[in-house]
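Fold and geometry: a report
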Amino acid sequence: VKELVLAGMLLASRRLYNAKDFLNQLKVDEAEYTQQVEKLKKQFVGKELFGKTLGLIGLGNIGVKVANVALELGMSVIGYDPDITVKNALALSANIQMTEQLSTLLSQADFISLHVPYLPETKAFINAERLALLKYDAVLLNFSRAEIVDSAAMLNHLAVNNQGVYVTDFPLFEFKSHPQIINLPHIGASTVEAEENCANMIAHLVRNYLEFGHIQYSVNFPEVYAPPSSRFRLGVVNKNIPGMVAVISQQLAQASLNIENMLNKSRGEIAYTIIDISVKPPDSIIKAIARIPGVIKIDVLSIGQP
């Protein structure tokens, strides 16, 4: 996806999409071909990435990689992510300018790349009001989800700003053949290497969850990692509401089960808690925790046991 974002910027800035279509549709004979190409190529004068500003909305695993490589291309980079993790913040180059104001990014960037998950609160995240903040020739790149951009608002925006470009990996019928929209057929992860790497990663992540309760690279769950400190571990998925950890702890205390280590993290409406205990909890306690209002799921893991 990182490489495809870069390709999208190059396609838009150098007008490669339009130039290729021009050559395919040029109706001249062989004798006139070279002469006509040289005569008409001026309509495809592009712009360099060097010195331009890239705005990144969302600095997760992909956003950070795009940000860092854009700096290597000589671009300035503005980042916006109120929920950036410590891990991703540490991986981000110190030369990237962070902003707490989305309007600042939208109004200053020459290229804007979206890297946010599709959630109820991000539906039509890029709407008419936010599109109105863009430069007249800004390029918007969407390699996140189709629903994050209001398609009707985008068409209206491009009708007014005839030098703007929308690059999307989520083609819609109404975008078909639009001269300012670069439609790609949802190929963000369509490489031989990505398919093999994804298969290996999925197996690794599922194994880590089943054996240790760890969660990584989830869209809707928090990242949770804690080295096991005892023989048994509880993994509790619950609604992100106040007092849940206290109620769960109380149930364990009533059964005289001592908590040796605990880690609780949340993301949006979901929270996940890892609890290490030295003694296997009886089924009655597990059922009691499962009945707590707000608890969605509970797993009991035997660390290091078959």
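The present account deals with the structure reproduced in this document. (Residues numbered from 1 in each chain as written. Predicted model: local features only at pLDDT ≥ 70, side-chain atom pairs only at ≥ 80, totals over all residues. Heavy atoms only, no water.)

**Notes on the sheet that holds strand 1 (residues 53–57)**
Applicable threshold: Pairing between strands is defined by DSSP: at least two bridges between them are needed. Strands here are runs of E lasting at least two residues and helices are runs of H or I lasting at least four, both read from the DSSP assignment and numbered beginning at the N terminus. Contacts are assigned to residue pairs with any non-hydrogen atoms lying within 4.5 Å of each other. Each axis is a line fitted through C-alpha atoms, and for a helix only the stretch in contact is used; angles between axes span 0 to 180 degrees, taken between their N-to-C directions.
Read across the sheet, seven strands follow the order 3-2-1-4-5-6-7 without closing on themselves; strand pairing throughout is parallel. Looking at strand neighbours, the two that pair on one side only are strand 3 (97–98) and strand 7 (181–183), the edges of this open sheet. Bridge count between strand 5 (residues 139–142) and strand 6 (residues 165–168): four bridges; the pairing is parallel. Considered in strand 6, the bridge of Leu-140 is made with Tyr-166. Packed on one face of the sheet, helix 1 (residues 2–13) meets strand 1, strand 4 (111–114), strand 5, strand 6 and strand 7 and runs near 150° to strand 5. This element, helix 4 (residues 61–72), spans strand 1 and strand 2 (76–80) of the sheet and lies at about 170° to strand 1.

**Points about the nonpolar core**
Applied cut-off: Among buried residues, the Ala, Val, Leu, Ile, Met, Phe, Trp, Tyr and Cys ones that are joined through side-chain atoms within 4.5 Å form a nonpolar core. Burial status follows relative accessibility: with a 1.4 Å probe on protein chains alone, a residue under 20% of its type maximum counts as buried, one over 50% as exposed, and anything between as partly exposed.
Core analysis: the biggest nonpolar cluster contains 25 residues, and Met-9, Leu-54, Phe-111 and Val-167 have the highest contact counts within it. When residues of this core are traced back to their parent elements, those giving at least two are helix 1, strand 1, helix 4, strand 5 and strand 6. Among the elements that make up this core, the one with the highest residue count is helix 1 (five residues). Counting 24 residues, the second-largest nonpolar core is a separate cluster that includes Leu-140, Ile-148, Val-149 and Phe-175.

**Examining the packing of helix 1 against helix 4**
The line we're drawing: Orientation labels follow simple angle bins: below 35 degrees gives roughly parallel, above 145 gives roughly antiparallel, 65 to 115 gives roughly perpendicular, and whatever is left gives oblique. By the definition used in this description, the sense in which the near helix is turned from the far one sets the handedness, with an anticlockwise turn below a right angle giving left-handed and a clockwise turn giving right-handed.
Where helix 1 contacts helix 4, the axes come no closer than 9 Å and their chain directions differ by 50°. Classified by the angle their axes make, helix 1 and helix 4 are oblique. Of the two possible hands of crossing, helix 1 and helix 4 adopt the one that is right-handed. Where helix 1 abuts helix 4, its residues Lys-2, Val-5 and Leu-6 lie against Ile-62, Lys-65, Val-66 and Val-69.

**Points about the sheet that holds strand 9 (residues 259–267)**
Judged by pairing direction, the sheet is antiparallel, and its four strands sit side by side in the order 9-10-8-11 without closing on themselves. The sheet is open, and its two edges are formed by strand 9 and strand 11 (295–302), each paired on a single side. On average, adjacent strands in this sheet sit at an angle of 15° to one another, irrespective of strand direction. Across seven bridges, the pairing between strand 8 (residues 232–239) and strand 11 is antiparallel. The residue bridging Val-236 from the neighbouring strand is Ile-298, located in strand 11. Where helix 11 (residues 283–290) meets the sheet, it contacts strand 8 and strand 11, and its direction lies at approximately 155° from that of strand 11.

**A few points about the packing of aromatic side chains**
Note the cut-off: Aromatic pairing here means that ring centres of Phe, Tyr or Trp (its six-membered ring) are within 6.5 Å. Orientation follows from the plane angle: under 30 degrees is stacked, over 60 is edge-to-face, and everything else is tilted. Charge-over-ring contacts are defined here by two conditions on Lys NZ or Arg CZ: a distance within 6 Å of the ring centre and an angle within 35 degrees of the ring normal.
In the structure shown here, the tally under the stated rule is three aromatic pairs. With a centroid separation of 5.1 Å and an interplanar angle of 50°, the aromatic rings of Phe-22 and Phe-44 are classed as tilted. You can see Phe-22 sitting in helix 2 (residues 16–25) and its partner Phe-44 sitting in the loop between helix 3 (30–40) and strand 1, a full 22 residues away along the chain. Residue class for Phe-44 comes out buried when judged on its relative accessible area of 14%. Judged by centre distance (5.7 Å) and plane angle (85°), the ring pair of Tyr-166 and Phe-175 falls under edge-to-face. It is Arg-130 that lies over the ring of Phe-125; its NZ or CZ is 4.5 Å from the centre.

**Comments concerning the side chain of Asn-161**
Checked against the element boundaries, Asn-161 lands in the loop between helix 8 (151–160) and strand 6. Among the residues examined, Asn-161 registers a relative accessible area of 17% and is labelled buried. Apart from the residues within four sequence positions on either side, Asn-161 is in contact with Tyr-136 and Gln-180.

**Things to note about the pattern of salt bridges**
Worth spelling out the cut-off: The working definition used for a salt bridge is a side-chain nitrogen of Lys or Arg within 4 Å of a carboxyl oxygen of Asp or Glu.
Here the structure, examined in full by the defined rule, presents six salt bridges. Among the ionic pairs, Glu-38 bridges to Lys-41, the shortest N-O distance being 3.0 Å. Owing to a relative accessible area of 46%, Glu-38 belongs among the partly exposed residues under this scheme. We classify Lys-41 as partly exposed; its relative accessible area is 45%. Residue Arg-233 is joined to Asp-276 by a salt bridge in which the shortest nitrogen-to-oxygen separation is 2.6 Å. Highlighted residues: Arg-233 in strand 8 and Asp-276 in strand 10 (residues 270–277), separated in sequence by 43 residues. For the pair formed by Arg-233 and Asp-276, the shared burial category is buried.

**Notes on the pairing of strand 5**
What counts, and what does not: Crossovers are described as right-handed under a simple rule: with the strands pointing away from the observer, the path leading from the first strand over the helix to the second runs clockwise.
The alternating pattern of strand 5 places Val-139 and Leu-141 and Leu-140 and Asn-142 on opposite faces, both of which are buried. The pairing of strand 4 with strand 5 spans four bridges and is parallel. Within the sheet, the bridge partner assigned to Ser-113 lies in strand 5 and is Leu-141. Following the chain from strand 5 across helix 8 to the adjacent parallel strand 6, one finds a crossover that is right-handed.

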